[in-house]
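Here are the chains, one letter per residue:
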Number of protein chains: 2
Amino acid sequence: MTERWYDDLSVGQKFESKPYKVTAAEIRSFARRYDPQTFHLDAKKAEGTVFRGLAASGWHTGAVTMRLLVEGELRVAGGHVGLGLDELRWPLAVRPGDVLRLVSEIVELRASKSRPDRGIARLKHVTTNQKGETVMSFVSTQLVPRRRD
Amino acid sequence: MTERWYDDLSVGQKFESKPYKVTAAEIRSFARRYDPQTFHLDAKKAEGTVFRGLAASGWHTGAVTMRLLVEGELRVAGGHVGLGLDELRWPLAVRPGDVLRLVSEIVELRASKSRPDRGIARLKHVTTNQKGETVMSFVSTQLVPRRRD
């Protein structure tokens, strides 16, 4: 997989990920540590909540999405360094057994005025389940180094 | 700790968290699973990266922040159910040994037109380290049930 620099990117490029299967055990394990709420921990009790069954923490879905990005087609020189996220939405819960995939698209590029050795890329990320339904979407702002030749 | 319904909330209310110490072992453990990049995995190699040393994944900082919210002063009836996040920023990296705290403020409240049994709350969250520096901030949009009496 080729490492890409700021100069290799253009608006409209899309990058795909591998699939990632989320198990009930992983949902509970993440939740015990970082989001210990009933609907992420206990399938039976979760039936009586707004989720109507066990659902992954939104932060868990985000963490899996990061893994899909890091291991996906877009290898950024120096790594994925995020400054922030905007318009993050969780339209649908991730359920045990769901298989997630990520598509990331370059939506904006701008050179840094103060730092000629880097640029700023904005990417729109959409995480879908095995039915093609969107479970999460957001726009990231990332630092990307410029080629030094 | 009292459970709060939509009707108990007002704009300007602030809620604090307990402290949470982030260790190097936890930074590496989260990164191995969800963000396997050098600057989150290897303190020595991280020195030569943009982070100049081991730094927590931004998603890890987010996950810890969720834990601080769930165990903090604001107990929402039915739990914290997030629809999305906006304006998320990571202005400073979280380092091994950092002690994080969260302050969450209600910034907007609106009743649901279609669902009289719930409202929408927007909260501004600021996660700081032991020096009081902001390591992460964002605005969440959450579902909050209305009192049924």
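Numbering of residues begins from 1 in every chain and follows the order in which that chain's sequence is written. Chain letters start at A and ligand numbers start at 1, both assigned in the order the entries are written. Local features are withheld for residues below a pLDDT of 70 in this predicted model, meaning they are given only at 70 or higher, and side-chain atom pairs are given and counted only at 80 or more; totals for whole chains, interfaces and linings count all residues. For the side-chain quantities, the full set of heavy atoms in the structure was used; hydrogens and water were omitted.

A. Main features of unusual backbone geometry. All names here are of chain B. Its identity is not glycine, yet Arg52 carries a phi of approximately 55°, on the positive side. With respect to the helices, strands and loops of the structure, Arg52 is situated in the loop between helix 3 (43–46) and helix 4 (58–70). The phi torsion at Glu87 lies on the positive side, around 50°, for a residue other than glycine. By definition, any uninterrupted DSSP run of H or I lasting at least four residues is a helix, any uninterrupted run of E lasting at least two residues is a strand, and each is numbered from the N terminus. Checked against the element boundaries, Glu87 lands in strand 5 (residues 81–89). Only protein chains enter the calculation, and the probe is 1.4 Å; a residue is then buried if its accessible area is under 20% of its type maximum, exposed if over 50%, and partly exposed in between. On the basis of relative accessible area, Glu87 is assigned to the partly exposed category, the value being 47%.

B. Inspection of the packing of aromatic side chains at higher detail. Ring pairs are drawn from Phe, Tyr and Trp, using the six-membered ring of Trp, whenever the two centres fall within 6.5 Å, and their geometry is named by plane angle: stacked under 30 degrees, edge-to-face over 60, tilted for the rest. Tallied over the entire structure, the rule returns eleven aromatic pairs over all chains. Where Phe30 of chain A meets Tyr34 of chain B, the ring centres are 5.9 Å apart and the plane angle is 75°; that geometry is what we call edge-to-face. With Phe30 of chain A in helix 1 (residues 24–34) and Tyr34 of chain B in helix 1 (residues 24–34), this residue pair bridges two chains. Note on Tyr34 of chain B: relative accessible area 6%, which makes it buried. Centroid distance Trp59 of chain A to Trp90 of chain A: 6.4 Å. Interplanar angle 65°. Geometry classified as edge-to-face. Of this pair, Trp59 of chain A sits in helix 4 (residues 58–70) while Trp90 of chain A is found in the loop between strand 5 (81–89) and strand 6 (99–111), placing the two residues 31 residues apart along the sequence. The two residues Trp59 of chain A and Trp90 of chain A agree in class, both being buried. Linked through ring pairs, Trp59, Trp90 and Phe138 of chain A together with Trp59, Trp90 and Phe138 of chain B together constitute an aromatic cluster.

C. How the structure looks around the packing of helix 1 of chain B against helix 4 of chain B. All names here are of chain B. Packing of helix 1 against helix 4 brings their axes to within 10 Å, and their N-to-C directions diverge by 110°. Judged on the interaxial angle alone, helix 4 and helix 1 are roughly perpendicular. When the axes of helix 1 and helix 4 are compared, the crossing they make is right-handed. Contacts between helix 1 and helix 4 involve Glu26, Ile27 and Phe30 from the former and Trp59, His60, Ala63 and Val64 from the latter. Side-chain classes follow a simple rule in which Ala, Val, Leu, Ile, Met, Phe, Trp, Tyr, Cys and Pro form the nonpolar group, Asp, Glu, Lys and Arg form the charged group, and the remainder, Gly included, forms the polar group. Among the residues forming the contact of helix 1 with helix 4, the class breakdown is five nonpolar, one polar and one charged. Geometry is summarised by axes, namely lines fitted to C-alpha atoms with helices restricted to the contacting stretch, and by angles between N-to-C directions that run from 0 to 180 degrees. These descriptions rest on fixed angle ranges, namely under 35 degrees for roughly parallel, over 145 for roughly antiparallel, 65 to 115 for roughly perpendicular, and the rest for oblique. Helix crossings get a hand from a simple test, with the near helix turned counterclockwise from the far one by less than a right angle marking a left-handed crossing and a clockwise turn marking a right-handed one. For this analysis, residues touch if any pair of their heavy atoms sits within 4.5 Å.

D. Quick look at the pairing of strand 5 of chain A. Strands are labelled as partners when DSSP assigns at least two bridges between them. Pairing between strand 5 of chain A and strand 8 (residues 134–145) of chain A: six bridges, direction antiparallel. Within strand 8 of chain A, the residue paired with Arg89 of chain A across the bridge is Ser137 of chain A.

E. Highlighting the relation of the copies chain B and chain A. Aligned on chain A, chain B shows an RMSD of 0.0 Å; the corresponding rotation is 180° and the shift along the axis is 0.0 Å. Each copy turns onto its partner about a two-fold axis. Relative to the rotation axis, the C-alpha of Asp86 of chain B is the closest in chain B, positioned 2.5 Å from it. Here 100% of the contact residues of chain B are again contact residues in chain A; the copies associate through an equivalent surface. Superposing the copies works by least squares over the C-alpha atoms of residues that have pLDDT at least 70 in both of them.

F. Region of interest: the side chain of Ser17 of chain A. Residue and element names in this part refer to chain A. Secondary-structure assignment places Ser17 in the loop between strand 2 (14–16) and strand 3 (20–21). Two N or O atoms form a polar contact when they lie within 3.5 Å of each other; inside protein one atom must be a possible hydrogen donor and the other a possible acceptor, and for residues adjacent in sequence the pair counts only when both atoms belong to side chains. Reaching out from Ser17, the side chain makes a polar contact with the backbone nitrogen of Leu102 at a distance of 2.8 Å. Setting aside residues no more than four positions away along its own chain, Ser17 makes contact with Leu68, Gly72, Arg101 and Leu102.

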